[in-house]
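Residues per chain, in single letters:
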Amino acid sequence: MTMDLQTERCGVDGAAAAARRVIDALVRAGDISGADMAGIADRLNAVADDLEAQAPPLRDRLVNMWRGDGNTRHDPAAGPENPIAPPLAYTGRPDGSIESDVTLGLPYQGPPSSVHGGVSALLLDHTLGVANGWAGTSGMTAELTLRYHHPTPLFEPLTVTARQVSVDGRKIRTTGAIAAAGRTCVTAEGLFIAKPLPRPR
Ligand SMILES: CCCCCCCCCCCCCCCC(=O)SCCNC(=O)CCNC(=O)[C@H](O)C(C)(C)COP(=O)(O)OP(=O)(O)OC[C@H]1O[C@@H](n2cnc3c(N)ncnc32)[C@H](O)[C@@H]1OP(=O)(O)O
């Protein structure tokens, strides 16, 4: 049996998805498009003005972000309410592994038509962290070693996987990979140290 590791949906997800679409469309259009970029900037700034005027105090928002004890909703890899997250959606498996299928577009480009290596590192760091949560022992990333075997393609389905390998006292070792069409593009080995930071309350 598998388990969907997503948390409850709420209103900001739809706006975040729209913002994600805007980012993708902007990068896609660029200055060689016929779009009225000055007018678009004015409209986007008007949206930001509206949001900033209605935002709660930062501390209240931080407390709100860290409510509950499970998966986060705001992080830059899997957070459905964060427009810079693709976002990854995980399935946890009974063998202790987790998996996410994702296709990345132009905002995540590094080499031509390929995923930026730092983006791969972000996705793997977070996925290893979620695998630790799935296994029941979490920690802070102390070391993350990546090996880039092949360019990771944009515009094609990717599978991001991770699994906790061992827990030795406070030291947690976790591995993961990104694959495209069955070919491993990036592998990761992480050392995590169990040391929870207090959540804002
Ligand atoms: C059902 C639902 C499930 C899903 C539920 C999901 C939950 C939601 C998941 C969110 C997933 C987020 C995943 C993102 C994860 C980040 O992004 S974390 C952010 C990036 N990392 C950091 O900022 C860490 C910064 N560093 C630190 O805070 C501290 O250095 C550390 C790493 C906590 C260690 O500090 P410390 O506790 O003072 O450690 P210390 O006592 O000095 O050392 C303990 C041991 O670890 C060793 N060690 C410490 N640091 C290192 C190092 N860098 N290298 C090697 N060894 C080290 C020491 O040598 C020592 O070893 P021993 O002497 O015991 O053999």
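Residues numbered from 1 in each chain as written. Predicted model: local features only at pLDDT ≥ 70, side-chain atom pairs only at ≥ 80, totals over all residues. Heavy atoms only, no water.

Enquirer: Pulling in residues and values, what's your account of the UniProt feature "domain: Thioesterase" (unreviewed entry) in the protein chain?
Expert: Per the UniProt record, "domain: Thioesterase" (unreviewed entry) is found at residues 115-176. With 31% helix and 42% strand, residues 115-176 has end C-alpha atoms that lie 17 Å from one another. (UniProt positions renumbered as here; feature names shortened; annotations may be inferred. Helix = DSSP H or I, 4+ residues; strand = E, 2+ residues; numbered from the N terminus.)

Enquirer: Explain helix 4 (residues 117-135) to me, using residue names and the numbers behind them.
Expert: For helix 4, built from 19 residues, the straight-helix expectation of 27 Å at 1.5 Å per residue is met to within 8% by its first-to-last C-alpha distance of 27 Å. Of all the positions in helix 4, only V119, S120, A121, L123, L124, H126, T127, L128, V130, A131 and N132 are classed as buried. Where helix 4 is buried, its residues contact strand 2 (90-92), strand 3 (97-102), strand 4 (140-148), strand 5 (158-168), strand 6 (171-180) and strand 7 (183-193). (Expected span 1.5 Å × (residues − 1). Buried < 20%, exposed > 50% of the residue type's maximum accessible area, 1.4 Å probe, protein only. Contact = heavy atoms within 4.5 Å.)

Enquirer: Go over the pattern of salt bridges with me, naming the residues and quoting the values.
Expert: Close approach of charged atoms lets side chains of opposite charge pair. What the rule picks out here adds up to five salt bridges. Close ionic contact of E81 with R61 constitutes a salt bridge, the shortest N to O distance being 2.8 Å. Taken together, the residues span a long stretch of sequence, with E81 in the loop between helix 3 (58-65) and strand 2 and R61 in helix 3 at a distance of 20 residues. For R61, a relative accessible area of 25% corresponds to the partly exposed category. When the shortest N-O distance is used, the salt bridge between E81 and R73 registers 2.9 Å. The exposure class of E81 is buried, given its relative accessible area of 10%. Because the salt bridges share partners, they merge into one network encompassing D13, R61, R73 and E81. (Salt bridge = Lys/Arg side-chain N within 4 Å of Asp/Glu carboxyl O.)

Enquirer: For the site of the ligand, give the residues involved together with the corresponding values.
Expert: Taken together, 16 residues lie near the ligand, and T141, E143, R170, K171 and K195 sit nearest. A distance of 3.0 Å separates a nitrogen atom of the ligand from a polar atom in the backbone of T141. Contact distances for the ligand include 3.0 Å between a nitrogen atom and a side-chain N or O atom of E143. Protein chains shield 52% of the accessible area of the ligand, which is 1,400 Å² for the free molecule. For the shell around the ligand, the secondary structure elements donating two or more residues are helix 4, strand 4 and strand 7. Among the elements that make up the shell around the ligand, the one with the highest residue count is helix 4 (six residues). Here the residues of the shell around the ligand sort into six nonpolar, five polar and five charged. (Near = heavy atom within 4 Å. Polar contact = N/O pair within 3.5 Å; in protein donor to acceptor, adjacent residues only side chain to side chain. Areas by Shrake-Rupley, 256 points an atom, 1.4 Å probe, with all protein chains shown as cover. Nonpolar A, V, L, I, M, F, W, Y, C, P; charged D, E, K, R; others polar.)

Enquirer: Please provide a residue-by-residue account of helix 1 (residues 12-29), values included.
Expert: Counted at 1.5 Å a residue, the expected span for helix 1 with its 18 residues is 26 Å, and the 25 Å between its end C-alpha atoms agrees. For helix 1, every residue scored as buried is listed here: D13, A16 and R20. Looking straight down helix 1, one finds that the buried residues subtend no more than 60° of arc, so they occupy a single side. Directly after helix 1, the chain includes G30, whose backbone phi takes a positive value near 60°. (Arc of directions from axis to C-beta.)

Enquirer: Before we move on, can you summarise the environment of G14 with the specific residues and values?
Expert: On the secondary structure map, G14 appears in helix 1. A sequence separation of 79 residues divides G14 from R93, and the C-alpha atoms of the two residues are 28 Å apart.

Enquirer: Kindly report on the side chain of D75, identifying the contributing residues and their values.
Expert: Position of D75 among the secondary structure elements: in the loop between helix 3 and strand 2. Buried charge without a partner: D75 forms no salt bridge, and the closest opposite charge is R73, 9.0 Å away. Here the side chain of D75 touches A77 through a polar contact of 2.9 Å, landing on its backbone nitrogen. If we skip the residues at most four places from it in the chain, D75 touches N82, A85 and H126. (Lys, Arg positive; Asp, Glu negative; His and termini not counted.)

Enquirer: Would you mind going over a nonpolar patch on the surface in detail, with residue names and values included?
Expert: A cluster of nonpolar side chains, contributed by V22, I23, L26, V27, L44 and I84, occupies part of the molecular surface with about 450 Å² of accessible area. Looking at the nonpolar patch element by element, the count peaks at four residues for helix 1. For V27, the location among the structural elements is in helix 1. Looking at V27, the relative accessible area reads 42%, which means it is partly exposed. (Patch = residues over 30% accessible without salt bridge, like charges linked within 9 Å, V, L, I, M, F, W, Y side chains within 5 Å.)

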